Amino acid sequence: MSVNSVAVTRISRVEYEQLVHRGRAGAVPAIKATTVLDRWRADHPDWRGRHWTFIADDHGVLRLRPLNVSRAERRPIAA
């Protein structure tokens, strides 16, 4: 694991859908560069390998980062 690894951001399914709608997140198959994915897997062992997002750094520059999306909540069916 890399020395400069950072925890993977985790968001809800609703938040993820909003980011996708604005073009700021997506599914991994949209990333063609396998070197990026290989590095993310090495640097972020807690990443599920399914989603990515743009996150602003300290200077406001958007950086491509791995993302975990929480599973949808299961609600009981009303009788």
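Details of the structure are given in the entry above.
Residues numbered from 1 in each chain as written. Predicted model: local features only at pLDDT ≥ 70, side-chain atom pairs only at ≥ 80, totals over all residues. Heavy atoms only, no water.

Undergrad: Which residues make up the packing of aromatic side chains, and what values go with them?
TA: All told, the structure shown has two aromatic pairs when counted by the stated rule. Relative to Trp47, the ring of Trp40 has its centre 5.4 Å away and its plane inclined at 90°; by these criteria the two rings are edge-to-face. Grouping residues by exposure puts Trp40 and Trp47 together as buried. Where Trp52 meets Phe54, the ring centres are 5.4 Å apart and the plane angle is 80°; that geometry is what we call edge-to-face. For Trp52, a relative accessible area of 11% gives the class buried. (Phe/Tyr/Trp six-rings, centres within 6.5 Å; stacked < 30°, edge-to-face > 60°. Buried < 20%, exposed > 50% of the residue type's maximum accessible area, 1.4 Å probe, protein only.)

Undergrad: Summarise the nonpolar core; cite the residues concerned and give the values.
TA: Counting residues in each nonpolar core, the largest one holds seven residues, listed as Val8, Val28, Ile31, Leu37, Trp40, Trp47 and Trp52. Those residues in contact with Ile31 that sit more than four places away from it in its chain are Leu37, Trp40, Trp52 and Leu64. With six residues, the next largest nonpolar core counts Ile11, Leu19, Ala25 and Leu67 among its residues. (Core = buried A, V, L, I, M, F, W, Y, C linked by side-chain atoms within 4.5 Å. Contact = heavy atoms within 4.5 Å.)

Undergrad: Residues and numbers for the pairing of strand β3 (residues 51-56), please.
TA: Here strand β2 (residues 25-27) runs beside β3; their pairing, made up of three bridges, is antiparallel. Looking at β3, one finds that Ala27 is bridged to His51. Two strands pair when backbone bridges link them, and β3 and strand β4 (residues 62-69) are joined in this way by six bridges, in the antiparallel orientation. Within β4, the residue paired with His51 across the bridge is Leu67. (Pairing = 2+ DSSP bridges. Helix = DSSP H or I, 4+ residues; strand = E, 2+ residues; numbered from the N terminus.)

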